[in-house]
Amino acid sequence: MHLDLLDQLSPKDFIIIRGAKMHNLKNISLAIPRNQLVVVTGLSGSGKSSLVLDTLFVEAQRMYIESVSAYARQFLGKMEKPLVDAIQGLSPAIAIQQNVSGKNPRSTVGTLTELCDYLHLLYARIGTTYSPISGQKVKKDSVSDVVDYIQQQPDGTKALILYPITVADQATLLEKLRVEQGKGFTRVMQGGLLFYIEELLAGEKVLSLDQPIYGLVDRIIVKKSDQNNQYRIADSVQVAFFEGHAVVELVGVGQQSFSDRFELDGISFVFPTVSFFNFNTPYGACKSCSGLGQLMGIDPNKVIPNPALSLVEGAIAPWNGPAMSKWLAPLLAAHQTLGFPIYTPYSSLTFDQQQFLWRGNRDFIGIDRFFDFCATQTDKIHYRVLLSRYRSKTTCIACRGSRMRPDAHYVKIDNHSIVDLLLMPIHDLVAFFDRLSLTDREAAIAQRVVVEIKNRLRYLAQVGLGYLTLSRPIATLSGGEHQRIKLATALGSPLFGTIYILDEPTIGLHPRDTDRLVQLLLDLNNQGNTVIVVEHEELVMRAADSLIEIGPEAGAGGGRLVFQGTFQALQQATTHTARYLNGCAAIPLPNRRRPWRNRLFIKEASLHNLKQVSVTIPLNVLTVVTGVSGSGKSTLIKEVLYPALVQYLANPSAGVDTLLSGDLAAIQAVELVHQHPLGKSSRSNPATYLGIYDPIRDLFAQTDLARSRRYQAGHFSFNSEKGQCPACRGEGQCKIEMQFMADIYLPCGRCKGSRFKPEIADVTYCGKNISQVLGMTVDEAFVFFADQVAVEPQAIGDEESLGEAQSSTAAYTDVCEERRQDSTPKLPLEIAFRTRAILHKLKVLQQVGLGYIPLGQSSSSLSGGEGQRLKLAYYLEKELADYPILFIFDEPTTGLHMHDVARWLQAINGLIDQGHSVVVIEHHIDVIKSADWLIDLGPDGGQQGGKVVFTGTPEALVEQKENYTAQYLKEKI
């Protein structure tokens, strides 16, 4: 936008950005309308996040920190100002990003949304404790309860206020009576008769120890109109509670006992408080698992990995082999006497028979006692190895995985304990609170708490997370689920005048759930907030008030403002996004669906919400598993198929699990390509991961200056002491530890961030030192290395595919043509070979749409989608045509523009053409329409899902009338 136009705009109506230069941004200036829903789009790597997150949000954070007092600022640390000339009209900003920031095992959906805090408060205020023995309500009486009971009696009623006296023998009784007399009490009661303490001490009368003894506090007459009489009764009751150690007896109104002890059925209960329900405090946590819900224990699935086997066939894994078979021998010898079926598969044994195997008897040790014995022999290494092999995290038996102290289960509201609510899916929880019926007193106490709980639950359900439970650990959530939880939490807070920044909130969402999300974004905007969304989803773009596209290409070719306006205006533009929206460009339907012969078969899978799912998964084709969020896709593929295949491939001779069957011999390996970061180390980067760095270092080691200085390849590695900067140890930055402040990371003063010793920078290859080469993007490096050696295009790939990979690749083709006509001597064969290897790997990175990333970028800074594509490039580069692999991709289009999805599909088809099989968990309609075979789970999420509702081709799916996926797929087919 022209600077003169920006000067005419008011910061009250616009967020005005001038001269943004972060990362690849080309000094762009623009104005973002306030109080609107604004979508920022563009190719992956074009600079969207650099503009919105690294510039706009960071500056908003920095301005906030600068606004607080100097005292508070020392605890917040110092933030560097982003590379931008100025930003006007900024409001407080909240960024809801993709990454799962909390890996704390104690963090759950309930704690993150603060719903646990509200539930703790609710149960502490109106929860009722019930005895687990009789099921009766547990209560404790107060002075006012006793007074109210007495005042309910007719006027003139006489009553005795007593307290119990407990003694062991006659001598103790006399001593106790003397003490009571000293306190001012004169009479005691036994058997309905009153005795003077003075007479008992004189021996004139004797009390029996076989009957209860009570001390008399007062004799009263009920006078409802006499206020002073009520005060007298209250004082007497209070004295009786004190002397009777929380117990009061009334005689004359029917023998009635009162206690301010919280006990029943011989059990002393803890009076519920807020911390009583908090599993993150020592008071409320389960003592066995310390509030984690899990313990390290023996895993039954590891002990009996194949339930289809019988005892004779080796069902009990630790007892297989000659050394350990002695533990099973007594059962095999006495099986006829015991009537135990040793030839029956373990899965077909009755519950009692299975329990007998685990618990044993007098003659047979059983599995549990066997491992108890192993635990006493840990001084021997083979027993330690045996225990570690069969241990894993198991559910805590004491709290049944609830994390809370066991007696928290006794406190209930509407016959449900807090544990029941934490384990209940959110959509069921919404229904529970909608039908919750409270008394007038309870409603008055809990009204505000219940309103907050209902609002937060409703927002969670509306963002498509109704299938989650509040006890679900945050560490097990995907980036999209975590982001939507934070969005729902933000919606539950009544903020206005705030900038909300969302980084691709539709990740992991089925198109049906995306419609709901769009409505929530509009609600957030209507509350008086500015909502800025980085997004590629067309449904979100259509709902936006304003669209901004950064481009035109990725990496060095991006960073410019190529469009700003409405959705209707974008359809008339010529940008990459516009071409896909107006139909000028599209991901075409496959010419044909690949036929398949080999297949895998999953039989009656029942993990989590799967309801005995049986399904066929074809091989050597592209299989897409889809369905609404929470329908069971990840459970079926990542937690059923993948572990079963890994187990089989690790030991094929052990037999085939009854859960998995089919043409297992057609698969020799399985690779799960998930969205987890490739590594946490800053030393890992695309160049090292793909093996590009080794030939690059060899090239530098072959230069004349390197040879004269006797430099080897290790001198050009920042991981080696030979070449790394000694000040920063090859990190490129130094950490300055600040007392009372956050640590600060500054560029290394010695190497200026290059990571290498200064003398290493003297060595150049074709005018570039090693640090400069690592700073190149993949596209820039391709042109650089192609420019150094004349190679036939066919040595790297056909000329047409290179031209399509990236516009910069066309420059390489021109270089090759010039070199063919040039008669200058070629480089030595060894250097040409290494350069050819580098170009081949770089070309694969371009094929998967990663031409914009720098070679030396830290792998931990890559997004989930970028990490998956880097893994895909690794396998594409290997070209393992004779080594059939089943690849499993978990939502690989995360963070991908439609233009990048087309490239990704080309790369996937390349894998299948090599003889591999691909299974993709995906919601992207263009990927779904490109599948050879579809598996649709549903019909809904959570407990309403877990069923296979369709298998077949995309053409057959669109014929389904009541299928959510079919409704959106029809528009593409």
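Going by the structure above, here's the rest.
Residues numbered from 1 in each chain as written. Predicted model: local features only at pLDDT ≥ 70, side-chain atom pairs only at ≥ 80, totals over all residues. Heavy atoms only, no water.

Colleague: Kindly report on the sheet that holds strand β27 (residues 660-662), identifying the contributing residues and their values.
Modeller: Ordered by their spatial adjacency, three strands build an open sheet running β25-β24-β27, and the pairing between neighbours is antiparallel. What marks the edges here is a single partner per strand, and that holds for β25 (613-618) and β27. Within this sheet the neighbouring strands show an average axis-to-axis angle of 20 degrees, counted without direction. Both strand β24 (residues 599-605) and β25 contribute to a ladder of five bridges, which runs antiparallel. When the sheet's bridge partners are listed, Ile602 is paired in β25 with Val615. (Pairing = 2+ DSSP bridges. Helix = DSSP H or I, 4+ residues; strand = E, 2+ residues; numbered from the N terminus. Axes fitted to C-alpha atoms, helices over the stretch in contact; angles between N-to-C directions.)

Colleague: Now, about the environment of Ser708: what can you tell me, with residues and values included?
Modeller: For Ser708, the location among the structural elements is in helix α27 (residues 704-708). Classification of Ser708 as exposed rests on a relative accessible area of 55%. Within the structure, the side chain of Ser708 is placed 2.7 Å from the backbone oxygen of Leu705, a separation counted as a polar contact. (Buried < 20%, exposed > 50% of the residue type's maximum accessible area, 1.4 Å probe, protein only. Polar contact = N/O pair within 3.5 Å; in protein donor to acceptor, adjacent residues only side chain to side chain.)

Colleague: Which residues make up the pairing of strand β22 (residues 546-551), and what values go with them?
Modeller: The side chains of a regular strand alternate, residue by residue, between the two faces of the sheet. Summarising burial for β22: six of the six residues are buried, a large majority. Side-chain alternation along β22 places Ser546, Ile548 and Ile550 on one buried face and Leu547, Glu549 and Gly551 on a second face that is also buried. In this sheet, β22 lies alongside strand β3 (residues 37-42) in parallel orientation, the contact comprising five bridges. For Gly42, the partnering residue across the bridge sits in β22 and is Ile550. Strand direction decides the pairing type here: β22 and strand β23 (residues 560-565), joined by five bridges, are antiparallel. Along β23, the bridge assignment pairs Gly551 with Arg560.

Colleague: Which residues make up unusual backbone geometry, and what values do they have?
Modeller: Following Gly551, the chain continues into Pro552 via a peptide bond in cis, with omega recorded as 0 degrees. By secondary structure assignment, the location of Pro552 is in the loop between β22 and β23. Cis geometry marks the peptide bond from Gly938 to Pro939; its omega dihedral reads 5 degrees. As for its placement among the helices and strands, Pro939 is situated in the loop between β33 (933-938) and β34 (947-952). At Arg403, a position not held by glycine, the phi torsion is positive, near 80 degrees. Relative to the helices and strands, Arg403 resides in the loop between β17 (391-395) and β18 (411-413). Residue Arg403 is classed as buried on the basis of its relative accessible area, which comes to 6%. Positive phi outside glycine occurs at His608, with the angle close to 50 degrees. On the secondary structure map, His608 appears in the loop between β24 and β25.

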